[in-house]
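The primary structure of each chain is shown beneath.
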Amino acid sequence: MKLQSKRSLLTAAMVLGLGVAAVQSAQALTIVLDFVPGATTDINGVGTLSESFASWGFTGLDLAGVRAATLTAVNKDYLQYPTFGSNALSPLPNGKELNINFSLSNGLTGPGNGDSEWYYMAIGDANPNQGFLGQACLSCVRNSSGVASVANGSIFGSTLTDSISGLLGLASNDTQRINLLAGTVAHEIGHSLTLLHPTSALANPGDSLYSVMATGASPTSMPNAERVKDRAFAYSEFSSLIQSVGLRNVSAVPEPSSYLMLALGLAVLALRSRKAGQAR
Ligand SMILES: [Zn+2]
């Protein structure tokens, strides 16, 4: 009995181990959010310098926290979209997610996650200053047929923190400050994956009537106050992302830390059952 349960526990550990290996060797597309360490120029000639965020008024986030929160927000927009099962308007089937990953960098160091295809979104202080919040090449990372037209490792766009900081007066807490920044990051990446500016507010599962791809200029004419909200891609925009990026199965694999805790727990259990056997 004890031996049996020990065996099944070990089998479970082996299955989980295989699952972890599969995630590490996944060959997905990675967009690297590059908080530039120094003078950087993207493929359209837009330059950026390092941004410390010291003047942004964050109260509970240091520089590493700002970067991590930006990654979390972008991951939410692309990889935590509601599925059809929880929202009948969603084009995302149950058990599926976009076949894309996001990571952080501080320079052109690659994604470090095992993916062999990656592109950089530069995030920094515009050099020289520009009259826009960010920019990216249209459909260059993926067109509607799922094909890239820029070289692997390209800096395909820039998010300009000095321009965005002009909107900080609209934000009253760290969440809203991150929404200002991450909203532009997610928007510019969306352009590189075929998305255009909508002509109006569009149905979406977020906190605003306006989607991530809305713009303050024509044709959307979104009020700037919407930018501090946690906006989401419109259902129609997410359909286009499914077309350009493709889907993968959502894998129910625990985080490395919980996997480690489970392995430790199994080791303790195995030791205990051995001791129990000896006592008998
Ligand atoms: Zn745009």
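Remember, it's a predicted structure, so these values are computed and weren't measured experimentally.

Colleague: Report on the confidence of the model for the chain, specifying residues and quantitative values.
Modeller: When pLDDT is averaged across the chain, the result is 88; 80% of the residues are at 70 or more. Of the regions scoring below 50 in pLDDT, residues 1-25 engages in 20 contacts with residues more than four places distant in sequence or in other chains.

Colleague: So what about the state of the cysteines? Which residues, and what values?
Modeller: Working definition of a disulfide: a covalent bond connecting the sulfur atoms of two cysteines. Throughout the structure, instances matching the rule amount to one disulfide. Shown here is the disulfide that connects Cys137 with Cys140, its sulfur atoms set 2.0 Å apart. Looking down the S-S bond of the Cys137 and Cys140 bridge, the torsion is 70°, so its handedness is right-handed. Accessibility classification places Cys137 together with Cys140 in one group, the buried group.

Colleague: Go over the coordination of the zinc ion, please, and point to the residues and values.
Modeller: Here the zinc ion is held by His187 (NE2), His191 (NE2) and His197 (NE2), and the distances to it run 2.0 to 2.1 Å. Site description for the zinc ion: donor spacing in sequence, H-x3-H-x5-H. Of the two residues, His187 sits in helix α4 (residues 174-192) while His197 sits in the loop between α4 and α5 (235-245), which places them 10 residues apart along the sequence. Looking at His187, the relative accessible area reads 9%, which means it is buried.

Colleague: Can you lay out the side chain of Arg231 for me, pointing to particular residues and giving the numbers?
Modeller: Within the secondary structure, Arg231 sits in the loop between α4 and α5. It turns out Arg231 is buried and unbridged, and the closest side chain with the opposite charge, Glu226, is 6.8 Å from it. One polar contact links the side chain of Arg231 to the main-chain carbonyl oxygen of Ser211, over a distance of 2.9 Å. In contact with Arg231, not counting residues within four places along its chain, are Asp77, Gly183, Ser208, Tyr210, Ser211, Val212, Ala214, Met222 and Glu226.

Colleague: Report on the packing of aromatic side chains, specifying residues and quantitative values.
Modeller: Overall, the coordinates contain eight aromatic pairs when judged by the stated rule. Here the aromatic rings of Phe53 and Phe58 are separated by 6.4 Å at their centres, their planes lie at 70°, and the arrangement is edge-to-face. Each member of the pair, Phe53 together with Phe58, is buried. An angle of 80° between the planes, with centres 6.4 Å apart, marks the rings of Tyr81 and Tyr235 as edge-to-face. Of this pair, Tyr81 sits in the loop between α2 (63-79) and β4 (96-98) while Tyr235 sits in helix α5, placing them 154 residues apart in sequence. The class for Tyr81 is buried, based on a relative accessible area of 6%. Classification of Tyr235 by relative accessible area gives buried; the value is 11%. Taken together, the ring pairs connect Phe35, Phe53, Trp56 and Phe58 into an aromatic cluster.

Colleague: Lay out the pairing of strand β8 (residues 155-160) with the relevant residues and their values.
Modeller: Across the six residues that make up β8, a large majority, six, are buried. Bridging between strand β6 (residues 117-126) and β8 involves five bridges; their strand directions are parallel. Its bridge partner lying in β8, Tyr120 is registered against Ile155.

Colleague: Would you mind going over the nonpolar core in detail, with residue names and values included?
Modeller: Counting residues in hydrophobic clusters, the biggest one holds 49 residues, and the most contacted among them are Ile31, Leu33, Tyr78, Phe156 and Ile189. Those elements that place two or more of their residues in this core are β1 (29-35), α2, β5 (100-105), β6, α4 and α5. Of all the elements, α4 adds the most residues to this core, at seven residues. When residues no more than four places from it in sequence are discounted, the contact partners of Ile189 are Ile31, Leu33, Val74, Tyr78, Phe102, Met121 and Phe156.

Colleague: Summarise the pairing of β6; cite the residues concerned and give the values.
Modeller: Along β6, eight of the 10 residues are buried, which leaves the element largely enclosed by surrounding structure. Of the strand pairs in this sheet, β1 and β6 are connected by seven bridges, and their pairing is parallel. Directly across from Phe35, in β6, lies its bridge partner Ile123. Taken together, the two bridges between strand β3 (residues 47-49) and β6 define a ladder with antiparallel strand orientation. By the bridge assignment for β6, Leu49 is matched with Asp125.

So, how was this worked out
Residues numbered from 1 in each chain as written. Predicted model: local features only at pLDDT ≥ 70, side-chain atom pairs only at ≥ 80, totals over all residues. Heavy atoms only, no water. pLDDT = per-residue confidence, 0-100. Contact = heavy atoms within 4.5 Å. Disulfide = S-S within 2.5 Å. Buried < 20%, exposed > 50% of the residue type's maximum accessible area, 1.4 Å probe, protein only. Donors = N, O, S within 2.8 Å, 3.2 Å for Na, K, Ca; no water. Helix = DSSP H or I, 4+ residues; strand = E, 2+ residues; numbered from the N terminus. Lys, Arg positive; Asp, Glu negative; His and termini not counted. Salt bridge = Lys/Arg side-chain N within 4 Å of Asp/Glu carboxyl O. Polar contact = N/O pair within 3.5 Å; in protein donor to acceptor, adjacent residues only side chain to side chain. Phe/Tyr/Trp six-rings, centres within 6.5 Å; stacked < 30°, edge-to-face > 60°. Pairing = 2+ DSSP bridges. Core = buried A, V, L, I, M, F, W, Y, C linked by side-chain atoms within 4.5 Å.

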